[in-house]
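Analysis of the macromolecular model
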Amino acid sequence: MCMTSSTDSFTIAPGDWLGMLGGGQLGRMFCHAAQSLGYRVAVLDPDADGPAAVVADHHIQAAYDDAAGLAELARTCRAVTTEFENVPADSLRALAAQCRVSPAGDAVAIVQDRIAEKMFIASQGISVAPYVAIRTPQDLLDAPDTLFPGILKVARLGYDGKGQARVTTREAAQAAFAEFDGVPCVLEALMPLDYEISVVLARGFDGSDVVFPVARNLHLDGILAVSTVAAVDSDPGHVQRQNQATEAARAIARGLDYHGVLCVEFFVLTDGSLVVNEIAPRPHNSGHYTIDACVSSQFEQQARVMAGLPLGSTALLAPAIMLNILGDIWFEPGASAPREPDWSTALAVPSAKLHLYAKHEARRGRKMGHVTIVAATLDQARMDAAQVAAALGMAAPD
């Protein structure tokens, strides 16, 4: 049985077991990082051959709220984490009675509900887009006119643009609410967006934290497409906003009493102001560049927090661009059957580092992997990224 500590001050030595709730690509990359530090990893995932399960040292095939599966995970591991925000918070709370858990169930419970999340962020004195909670059709009738045009988002279980609808009128919002089966939602005003950034940080149980260089992100159809990270930003305005975002993300982590890796996504508005879009209580797609471009990756930091080890350096080794690979590139225009992308031509670009997630079936919109371009200068990284995108039939990065 796992030993617990009221101070969470003990160190878990390499050779011991760390646990993961979730079997997707984030869990897979965590396994690689933890194993490189010398740890063994147990993954609890209901799928028989998920991306993480096939590389883990032990796979517990069970639902995320399965009592027997959770008990086995706790018996096996000294510490447990998760790779996605929709894991039942009660499962994390149950595990915390038997072993170290990061992040805590209470923190995850706030983040996995958009209404609670926005209330929390605002309570920390940090700006969010104007919004109102929608629980009934009457709430839409009472919503201020200033929220139109806006975006209606389901409060729970939405991701990658799913469970969202742009609504220009109150009537359109009512139709979208009905299409979402009347589940609780938030209605947000559309903001004058200039660009998007994200801050990934790691916070230990001792309260120490480290922050990765801020990524500038491009989304297409609600899914992250490109993340760009420069060694030096020559625009003082950009630097100031990055510093503001970093301090806001740190404040959010402290307010949540958060331990682990956390991402905060921000909208930068045309007037230069910042508003928080959402929080991800886990490593994030926009932080994948850290595997190849930083001293310690976001996944290594996740393992370090769990083990009670000192946090590693987040220093950027070189400018980097991360291209998200979706299943769309397996399909030529008009084709119904998939074919293998041209990896050889893409990897003929020497600065390209390919990461595929071992998913058996390519589907449009499904995250299948990513490629990170690491180059001596940002200009060179952009040119190389354009070559990789062309080879894979992807939209050229902006």
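Anyway, here's the lowdown on the structure attached to this text. Just so it is clear, the model here is predicted, and its values are computed rather than measured.

1. Comments concerning the sheet that holds strand β8 (residues 164-167)
Across the sheet, 4 strands lie side by side as β6-β9-β7-β8; this open sheet has antiparallel pairing. Edge positions in the sheet fall to β6 (131-134) and β8, since each has one partner strand and no second. Averaged over all pairs of adjacent strands, the angle between their axes in this sheet comes to 20°, without regard to strand direction. Along the sheet, helix α5 (residues 114-123) contacts β6, β7 (150-154), β8 and β9 (185-189); its crossing angle with β9, the most-contacted strand, is approximately 50°. Contacts from helix α7 (residues 170-179) reach β6, β7, β8 and β9, with the element oriented near 165° to β8.

2. Topic: the environment of alanine 346
For alanine 346, the location among the structural elements is in helix α11 (residues 343-347). Classification of alanine 346 by relative accessible area gives buried; the value is 4%. The spacing of alanine 346 and alanine 389 is 43 residues in sequence and 7.7 Å in space, taken between C-alpha atoms. Excluding its chain neighbours within four sequence positions, the residues that come into contact with alanine 346 are Ala352, Val388, Ala391 and Leu392.

3. Remarks on the pairing of strand β4 (residues 79-82)
Going residue by residue along β4, you find Ala79 and Thr81 tucked away on one face and Val80 and Thr82 tucked away on the opposite face as well. Bridging between β4 and strand β5 (residues 100-101) involves 2 bridges; their strand directions are parallel. Across the sheet, residue alanine 79 finds its bridge partner in β5, namely arginine 100. Taken together, β4, helix α3 (residues 89-96) and β5 constitute a β-α-β crossover, and its handedness is right-handed.

4. Digging into the sheet that holds β5
Strand-to-strand pairing in sheets goes through backbone hydrogen bonds, with the strands running parallel or antiparallel. Taken together, the 5 strands give an open sheet; going across it, the order is β3-β2-β1-β4-β5, and neighbouring strands pair in parallel fashion. The two strands at the open ends of the sheet, each matched to only one other strand, are β3 (58-60) and β5. Where strand β1 (residues 17-21) lies against β4, 4 bridges are found, and the strand directions are parallel. Looking at the pairing, methionine 20 lines up with threonine 81 of β4.

5. A short note on the packing of helix α1 (residues 25-36) against helix α10 (residues 298-307)
Where α1 contacts α10, the axes come no closer than 8 Å and their chain directions differ by 70°. Judged by the angle between their axes, α1 and α10 are roughly perpendicular. Every pair of crossing elements has a handedness; the one defined by α1 and α10 is right-handed. Contacts between α1 and α10 involve Leu26, Met29, Phe30, Ala33 and Ala34 on the former and, on the latter, Phe299, Glu300, Gln302, Ala303 and Met306. Considering only residue class, the contact of α1 with α10 consists of 8 nonpolar, 1 polar and 1 charged.

6. Here we look at the state of the cysteines
Applying the stated criterion to the full structure yields 0 disulfides. Cysteine cysteine 294 shares no disulfide, and the gap to the nearest cysteine sulfur, in cysteine 263, comes to 13 Å.

7. What about the layout of surface pockets?
By volume, the second largest pocket is sized at about 450 Å³. The wall of the second largest pocket is formed by 26 residues, among which Leu220, Leu326, Asp328, Met394 and Ala395 lie closest to the centre. For the lining of the second largest pocket, the elements supplying multiple residues, two or more each, are β12 (215-220), β13 (223-229) and β16 (320-326).

The rules we used
- Residues numbered from 1 in each chain as written.
- Predicted model: local features only at pLDDT ≥ 70, side-chain atom pairs only at ≥ 80, totals over all residues.
- Heavy atoms only, no water.
- Pairing = 2+ DSSP bridges.
- Helix = DSSP H or I, 4+ residues; strand = E, 2+ residues; numbered from the N terminus.
- Axes fitted to C-alpha atoms, helices over the stretch in contact; angles between N-to-C directions.
- Contact = heavy atoms within 4.5 Å.
- Buried < 20%, exposed > 50% of the residue type's maximum accessible area, 1.4 Å probe, protein only.
- Right-handed = clockwise from strand over helix to strand, strands pointing away.
- Parallel < 35°, antiparallel > 145°, perpendicular 65-115°, else oblique.
- Left-handed = near helix turned anticlockwise from the far one by under 90°.
- Nonpolar A, V, L, I, M, F, W, Y, C, P; charged D, E, K, R; others polar.
- Disulfide = S-S within 2.5 Å.
- 1 Å grid on protein atoms, 1.4 Å probe; cavity = no way out; pocket = protein on both sides within 12 Å on 5 of 7 lines; lining within 4 Å.
- Points joined across faces, edges and corners; volume = space filled by probe spheres on them.

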